[in-house]
Amino acid sequence: MKKIYLGIAILFIYGLYSVGIRHERPIIAAPKLKGIASTSQATIKSKTLQVGPVSRHTYVGASENAYYGNVQVSVTIANHRISSVKFLSYPNTHSTSVFINQQAMPYLQQEAIQAQSSHVSIISGATFTSEAFIQSLQSALNKAQ
Amino acid sequence: MKQTRIIMGMPITIEIRDEDNPLVFETVFDYFRSVDARFSPFKSDSELSQINRGLPKEKWSDEMKEVMELCDQTREITGGYFDIYYEGNIDTSGLVKGWAIDKAAMMLKDLGYNIFFIEAGGDIQVEGDQWEVGIRNPFDVNEIVKVISISGKGVATSGAYIRGDHIYNPIRKSTPIGVSSITVVASDIFEADRFATAAYAMGSAGINFINALPEVEGYMIDGSGLATFTKGFANYVA
């Protein structure tokens, strides 16, 4: 079960950065890693992460094949916790040059998005298959041990 | 009763409200595992990987033939925006998830279940009750920006949760603010997923494409947080 929870936490964090990137190259800022920082002292594949006396160090994971290209991450460990995960590479595919047809606009409606009650059964959102992310993160964490 | 497994690198959740029978969940999860084994571009022994290494068409499984035909058909319907050929390889991922959820839902119905949902990585099929489905804020994954109430429908969202894309508008000679996410509601998740994938690739024009499809509705959020949606979508809003 621990692995499942951890997996879910990682997927959640992954969603912050990588969702839908099969279509484009997003600009990725230094991530906030609430989820992983809280679940980790980090246990990936049930191994406890033990970092030496160095208080801050960055480890680069292997480049892993994702559905639409390669994913590679680096992990920075500060005070025995993951302080950031950065994407060094991510899939960048599909053309983005698009003919825009605005003719149908009168049949559509518009509104500014607003936060709603979170009392729902299910949430629909974009995801991106994260196996490659997990593998690259795993290899970066292995180096940190 | 609700169960979640991580398969195909994503969380897959099934909730069944008819009756509690733990065994049925594993049957459906096993189906997803078999789909992953066949269609995964990661696994070198998957049928898809074998095809990319030259496995001739005569040796394809019936499932593979079915998916390939659906991919060809979807490419035609979407004017080429749905395309499984990338850098010389075939990748059916843009359609297989929705197709598998749809099959899994049929499997549950055949087993006599009527009130359930199946969700795989944010793509959903709901049956029976009216289910409240939230649409995630593409700028804040902890937030929901729309709630719809639906039954017997599929919902899929395609998008980027980092920032908008860069779409060149050849008519206005400018770069408009791109699409952050597009959510599509259709009669089943197979339709919703394949059209969400294609509509997202179309950029801002994607919502017009959705609008033109009968009984397919959409909610598109652009890079500035402005949502554009079809009239039919408004009817689903809870």
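Residues numbered from 1 in each chain as written. Chains lettered and ligands numbered in written order. Predicted model: local features only at pLDDT ≥ 70, side-chain atom pairs only at ≥ 80, totals over all residues. Heavy atoms only, no water.

Q: Please give an account of the environment of Ser46 of chain B that cites residues and values.
A: Residue and element names in this part refer to chain B. The residue Ser46 is located in the loop between helix H1 (22-39) and helix H2 (47-52) in this model. Along the chain, Ser46 and Ser34 lie 12 residues apart, while their C-alpha atoms are 9.9 Å from each other. For Ser46, the contacting residues outside a window of four places in its chain are Ala37, Arg38 and Ser40. In this structure the side chain of Ser46 is engaged in a polar contact, spanning 2.6 Å, whose partner is the backbone oxygen of Ser40. (Helix = DSSP H or I, 4+ residues; strand = E, 2+ residues; numbered from the N terminus. Contact = heavy atoms within 4.5 Å. Polar contact = N/O pair within 3.5 Å; in protein donor to acceptor, adjacent residues only side chain to side chain.)

Q: Outline the confidence of the model for chain B, supporting the account with residue identities and numerical values.
A: Chain-level statistics for chain B give a pLDDT mean of 87 and a share of 92% at 70 or above. Across residues 162-177 of chain B, confidence stays below pLDDT 50; counting only partners more than four residues off in sequence or on other chains, it has 47 contacts. (pLDDT = per-residue confidence, 0-100.)

Q: Any chance you could break down the nonpolar core for me, citing the residues and the numbers?
A: For soluble globular proteins, the rule of thumb is that nonpolar side chains tend to be buried together. Residue and element names in this part refer to chain B. In terms of nonpolar packing, the biggest core is built from 58 residues, with Phe32, Trp99, Leu108, Ile118 and Ile210 touching the most fellow members. When residues no more than four places from it in sequence are discounted, the contact partners of Ile210 are Ile182, Val184, Phe195, Ala199, Val216, Glu217, Gly218 and Thr230. Of all hydrophobic cores here, the second largest spans 19 residues; its members include Phe117, Ile124, Ile135 and Tyr236. (Core = buried A, V, L, I, M, F, W, Y, C linked by side-chain atoms within 4.5 Å. Buried < 20%, exposed > 50% of the residue type's maximum accessible area, 1.4 Å probe, protein only.)

Q: An account of the environment of Ser139 of chain A is requested, with residue identities and associated values reported.
A: Residues and elements named next belong to chain A. Examined against the element boundaries, Ser139 turns out to sit in helix H3 (residues 131-144). Take Ser139: its relative accessible area is 16%, and that puts it in the buried class. Spatially, the C-alpha atoms of Ser139 and Ala62 are 6.0 Å apart, while their sequence positions differ by 77 residues. Setting aside residues no more than four positions away along its own chain, Ser139 makes contact with Gly61 and Ala62.

Q: Can you lay out the pattern of salt bridges for me, pointing to particular residues and giving the numbers?
A: Residue and element names in this part refer to chain B. Enumeration over the complete set of coordinates arrives at 14 salt bridges over all chains. Residue Arg17 is joined to Asp129 by a salt bridge in which the shortest nitrogen-to-oxygen separation is 3.3 Å. Note that Arg17 is positioned in the loop between strand S2 (10-16) and H1 and Asp129 in the loop between strand S6 (123-127) and strand S7 (131-137), a separation of 112 residues in sequence. Overall, the relative accessible area of 30% leaves Asp129 in the partly exposed class. One salt bridge in this structure joins Glu47 and Arg38, with 2.7 Å as the shortest N-O distance. Assessed through its relative accessible area of 26%, Arg38 is described here as partly exposed. (Salt bridge = Lys/Arg side-chain N within 4 Å of Asp/Glu carboxyl O.)

Q: Explain the packing of helix H4 (residues 93-110) of chain B against helix H5 (residues 189-201) of chain B to me, and be specific about the residues and the numbers.
A: Residue and element names in this part refer to chain B. The geometry of H4 relative to H5 is characterised by a closest axis approach of 7 Å and an angle of 165 degrees between their N-to-C directions. Our classification of the angle between H4 and H5 gives roughly antiparallel. In the crossing of H4 with H5, the sense of the turn from one axis to the other is right-handed. Within the contact between the two elements, H4 uses Gly94, Leu95, Lys97, Gly98, Trp99, Ile101 and Asp102 and H5 uses Ile189, Phe190, Asp193, Arg194 and Thr197. A per-class count over the contact of H4 with H5 returns 5 nonpolar, 3 polar and 4 charged. (Axes fitted to C-alpha atoms, helices over the stretch in contact; angles between N-to-C directions. Parallel < 35°, antiparallel > 145°, perpendicular 65-115°, else oblique. Left-handed = near helix turned anticlockwise from the far one by under 90°. Nonpolar A, V, L, I, M, F, W, Y, C, P; charged D, E, K, R; others polar.)

Q: Describe the environment of Ile77 of chain B, with residues and values.
A: Residues and elements named next belong to chain B. Position of Ile77 among the secondary structure elements: in helix H3 (residues 62-77). Among the residues examined, Ile77 registers a relative accessible area of 36% and is labelled partly exposed. A sequence separation of 136 residues divides Ile77 from Leu213, and the C-alpha atoms of the two residues are 10.0 Å apart.

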